[in-house]
2 protein chains.
Amino acid sequence: MKPDSVSIREISKITGVSVATVSRVINNNGRFSKETEARVKKALKEYNYTPNLAARGLRTKRIATVGVVVPDITNEYFARITLHLQERLFAHSYSTIICNTDEKADIERRHLDMLLSQQVSGVMYVSGTPHAFDRLSHLPAVFIDREPQTAREAGNYSLIESDNFLGGALAARELLQKGCRRLCVFKYRDDISTHNAREAGFRQAAREAGLQAGDVRVEIVPDVSVLQGYEKAKAVWQAGGFDGLFCTADALAVGACNALRAEGVEIPGQVKLVGYDDTAIAHYGAVPLTSVHQSTEEIGRLAADTLLQIIDGNQPERRHITLPVHLVVRASTGGQSEEA
Amino acid sequence: MKPDSVSIREISKITGVSVATVSRVINNNGRFSKETEARVKKALKEYNYTPNLAARGLRTKRIATVGVVVPDITNEYFARITLHLQERLFAHSYSTIICNTDEKADIERRHLDMLLSQQVSGVMYVSGTPHAFDRLSHLPAVFIDREPQTAREAGNYSLIESDNFLGGALAARELLQKGCRRLCVFKYRDDISTHNAREAGFRQAAREAGLQAGDVRVEIVPDVSVLQGYEKAKAVWQAGGFDGLFCTADALAVGACNALRAEGVEIPGQVKLVGYDDTAIAHYGAVPLTSVHQSTEEIGRLAADTLLQIIDGNQPERRHITLPVHLVVRASTGGQSEEA
DNA sequence: CCTCGCTGAGTAAACGATTACTCATCCTGC
DNA sequence: GCAGGATGAGTAATCGTTTACTCAGCGAGG
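In short, a report on the structure. All values derive from a computational prediction rather than experimental measurement.

Rules behind the numbers
- Residues numbered from 1 in each chain as written.
- Chains lettered and ligands numbered in written order.
- Predicted model: local features only at pLDDT ≥ 70, side-chain atom pairs only at ≥ 80, totals over all residues.
- Heavy atoms only, no water.
- Phe/Tyr/Trp six-rings, centres within 6.5 Å; stacked < 30°, edge-to-face > 60°.
- Buried < 20%, exposed > 50% of the residue type's maximum accessible area, 1.4 Å probe, protein only.
- Helix = DSSP H or I, 4+ residues; strand = E, 2+ residues; numbered from the N terminus.
- Salt bridge = Lys/Arg side-chain N within 4 Å of Asp/Glu carboxyl O.
- Contact = heavy atoms within 4.5 Å.
- Buried area = accessible area lost by both parts, 1.4 Å probe.
- Polar contact = N/O pair within 3.5 Å; in protein donor to acceptor, adjacent residues only side chain to side chain.
- Expected span 1.5 Å × (residues − 1).
- Near = heavy atom within 4 Å.
- Nonpolar A, V, L, I, M, F, W, Y, C, P; charged D, E, K, R; others polar.
- Pairing = 2+ DSSP bridges.
- Axes fitted to C-alpha atoms, helices over the stretch in contact; angles between N-to-C directions.
- Least-squares fit on C-alpha atoms with pLDDT ≥ 70 in both.
- Right-handed = clockwise from strand over helix to strand, strands pointing away.

## Section: the packing of aromatic side chains
Residues and elements named next belong to chain A.
- Following the criterion strictly, the structure yields 10 aromatic pairs over all chains and no others.
- Seen in terms of ring centroids, Y77 and F78 are 5.7 Å apart; in terms of plane orientation they differ by 55 degrees. Their pairing is tilted.
- Take F78: its relative accessible area is 10%, and that puts it in the buried class.
- A centroid spacing of 6.2 Å and a plane angle of 50 degrees characterise the contact between F246 and Y276, whose relative ring orientation is tilted. Separated by 30 residues along the polypeptide, F246 in strand β8 (residues 244-247) and Y276 in strand β9 (residues 272-276) bring together distant segments of the chain.

## A closer look at the pattern of salt bridges
- Tallying each qualifying case throughout the model produces 34 salt bridges over all chains.
- A salt bridge links E46 of chain B to K42 of chain B, with the nearest nitrogen and oxygen atoms 3.6 Å apart. Taken together, the residues E46 of chain B and K42 of chain B, both in helix α3 (residues 34-46) and four residues apart, mark about one turn of the helix.
- When its relative accessible area of 53% is taken as the criterion, E46 of chain B is described as exposed.
- For the salt bridge of K187 of chain B with E199 of chain B, the shortest nitrogen-to-oxygen distance reads 2.7 Å. One end of the pair, K187 of chain B, is in strand β6 (residues 183-188); the other, E199 of chain B, is in helix α8 (residues 193-208), with 12 residues separating them in the sequence. Comparing K187 of chain B with E199 of chain B shows no difference in burial state: the two are buried.
- Connected via shared salt-bridge partners are E103, R146, R189 and D191 of chain A.

## Here we look at the interface of chain A and chain B
- Between chain A and chain B, the contact holds 44 residues from the first and 44 residues from the second.
- Of the roughly 3900 Å² buried between chain A and chain B, counting both surfaces, carbon and sulfur atoms make up 62%.
- Considering only the side of chain A, the residues that lose the most area to chain B are F90, S117 and Y284 of chain A, jointly responsible for 17% of the buried surface there.
- Linking chain A with chain B are zero salt bridges.
- Viewed at the interface, chain B and chain A are joined by 15 residue pairs in polar contact (both at pLDDT 80 or more).
- Elements supplying a minimum of two residues to the side of chain A that touches chain B: α4 (53-60), β1 (63-70), α5 (76-91), β2 (95-100), α6 (105-117), α10 (250-262) and α11 (280-284) of chain A.
- In terms of residue count, α6 of chain A provides more of the side of chain A that touches chain B than any other element does, seven residues in total.

## Focus: helix α5 (residues 76-91) of chain B
All names here are of chain B.
- Between the first and last C-alpha of α5 there are 23 Å, a value that for 16 residues agrees with the 22 Å anticipated at 1.5 Å per step.
- Y77, F78, A79, R80, I81, T82, L83, H84, L85, Q86, L89 and F90 are the residues of α5 that are buried.
- Sitting at the head of α5, N75 places a side-chain oxygen 2.8 Å from the backbone nitrogen of Y77.

## Details of the protein's contact with DNA strand C
- Around DNA strand C sit 30 residues, and of these I8, Y49 and R59 of chain A together with R24 and T36 of chain B come closest.
- Of what DNA strand C places within 4 Å of the protein, 55% of the atoms are sugar or phosphate.
- Contact between DNA strand C and I8 of chain A: a phosphate oxygen at 2.4 Å from a main-chain N or O atom of the residue.
- The side chain of R31 of chain B places a nitrogen or oxygen atom 3.3 Å from a base nitrogen of DNA strand C.
- Counting only elements with at least two residues in the surface near DNA strand C, the list comes to α1 (8-15), α2 (19-27) and α4 of chain A together with α2 (19-27) and α4 (53-60) of chain B.
- Across the surface near DNA strand C, the residue classes tally to 10 nonpolar, 12 polar and eight charged.

## A word on the sheet that holds strand β9 (residues 272-276) of chain B
Residues and elements named next belong to chain B.
- The strand order across the open sheet built from six strands is β7-β6-β8-β9-β10-β12, with neighbouring strands paired in mixed fashion. Each edge of the sheet is formed by a strand with only one pairing partner; in this case those strands are β7 (216-221) and β12 (326-328). Strand-to-strand twist across the sheet, computed as the mean angle between neighbouring axes with direction ignored, equals 20 degrees.
- Here strand β10 (residues 290-293) pairs with β12 via three bridges, running antiparallel. Across the sheet, residue S291 finds its bridge partner in β12, namely V328.
- Strands in contact with α8 are β6, β7, β8 (244-247) and β9; relative to β6, the strand with the most contacts, it is inclined by about 165 degrees.

## A few points about the relation of the copies chain A and chain B
- Rotating chain A by 180 degrees and translating it 0.0 Å along the rotation axis places it on chain B, where the RMSD comes to 0.1 Å. A rotation of that kind, with that shift, is consistent with a two-fold axis. Every residue of chain A has its C-alpha some distance from the rotation axis, and the shortest such distance is that of A286 of chain A, at 1.6 Å.
- Taken as a fraction of all interface residues of chain A, those also at the interface in chain B reach 100%, which identifies the copy contact as same-surface.

## A short note on the sheet that holds strand β12 (residues 326-328) of chain A
Residues and elements named next belong to chain A.
- Read from one edge of the open sheet, six strands run β7-β6-β8-β9-β10-β12, paired in mixed fashion. Edge positions in the sheet fall to β7 (216-221) and β12, since each has one partner strand and no second. Going across the sheet, the axis of each strand differs from the next one's by a mean of 20 degrees, ignoring polarity.
- Bridge count between strand β6 (residues 183-188) and β8: four bridges; the pairing is parallel.

## Notes on the pairing of β9 of chain A
Residue and element names in this part refer to chain A.
- Most of β9 is tucked away: five of the five residues are buried.
- As judged from the three bridges shared by β8 and β9, these two strands associate in the parallel manner. Opposite L245, over in β9, you have L273 as the bridge partner.
- Chirality of the crossover, the property in question, places the unit of β8, α10 and β9 among those that are right-handed.
- Of the pairings in the sheet, the one linking β9 to strand β10 (residues 290-293) comprises three bridges and is parallel in character. Bridged to V274 within β10 is T290.

What follows is the structure, given as structure tokens:
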């Protein structure tokens, strides 16, 4: 019913000032008298003016929109980060285009082409391996969780991650302190810095506690899914077993838990279990799961602020931010207390 | 490194044809010879031409982007729908701007203003009560799950939902068939068509089985959260109890399950429990949860196709689509079999 | 031989907003 | 009384595409 949207020109006609002045008032840019300002603002409100972002973007070559590239939005951890990113960016009047890549290079490529076409002012990579990073080497970018392996020379980006090494170490210490000696790690892939760091931290803590390298068995899984955890746990248990298991993602731990119980193994009696990310499933699973917690809110907030800094042309305060993590102890390691 | 992006004009200079012809080739629109086409296409590829969507949007007043308004992206059910929406829209070369409203009217309003500024060609409402629907009464829109209560006269929209009435009825029949007679329903709010329909279906099935209206107790909860389910279950149990509980969302059921077990109640021995949405937590919770399953994939696919039809100016085949649901029976009602 | 219709392609005007120039007016200080 | 700076505001070019007109050339029908 209402007019689709009035343009700056119509406001100009209505108020009797030129379009240039209207634009100046809108952007609070340049000089104009108090009266002019009042008159224009009144008209803007009254006629419900909505700026045409296409026109503005065309002229200024920048648009208050950033792309968010995420491997799987149905993963609760990623969803939470995405949510906080959006909240923060929205508060700075940026909008976000969320792209789900499913970890597929060709999908990511198409998404990036689209983002470039949209003239987005920056890109946020949530835990993604950027296969197509070269396409946007000149664009402001922030990586969350995973470091880009390629195109590292292009300078215009930052990395925000939580302390994965520490997270792995906390997991190991918890298991060791609770008496575990035959340790096992289920790690997601072998080429992701995030998960490698978790393993490294775990190993180091085990070494410090006097274990030999051979006392820690590491299994690689190709997917983060409950099913993968289930299958792998069944296989490893039947092939010799362990008394402490650390999974670099909660879903794996949940699957492992199910498999072990199906084998008649008691948790935490015979096997103790630690997951990662502290997702809802960890709270409410069959056996409440001890898990490494990282603050998605803080990650999102910092990442958004950093990207905005880069977009504004300021060097970010820090190029590489590492956030602390802590362990939430639950029944799967037989504990009540929560340790920082 | 690479040139930011070549424009149509540069392609025109390179190939020696006019910009108009280049545009025609790009859009496969109008007449041009085979040779011209080949020459232009070669140049486009070679110089890595990327269309400027701002310019195109400015000229054509429409842009291949739709807004997706969702109350809470961290809710697995919404996230799955959003994912499938995006996949489908992306396949038709539309991009999506995902907006999280947190069910807050003012946030929704700001999001909608932004979407209008972006000149999006349509809006998808995922299970949201459109508080600000009037802002976009002229825009193509598809509602998923919840029917708009206001501005209903504006004709340009469709509604996709699953059969909530049937879902409620299936839940009731399952509980009744397993011997429950003192039934209780935890319903999310009292003003949401979706959840009201679930309750209505539940009541009707109970009536058909010979129960009196008084045999079904209904409790309203203000939030879909595990905590709410926990508190409400504790209170209701201590105030008299029930032997069959239906929650209109899985999270509530998980909370209720925890509370009841904390009270020493056996599930499914003393109380049987049915949830809704069949989310991961239903599979892997402490007691695997019987739940009503709706296909997020189908909902997403249909919604996307319908919105595209409306955008293209065709009346959608059906203005109101209702999808079937089925019950997945698990331990919380003591069952193994899966019923359609 | 003239005219008509078709084909392929160029010219130029939008779309809505921003901004570099320009300019009239007024004030201030000498 | 006048130079010169400050102030407020208008003119017009521009961003990259699309598209309504226009037109030259060519083949066919009368």
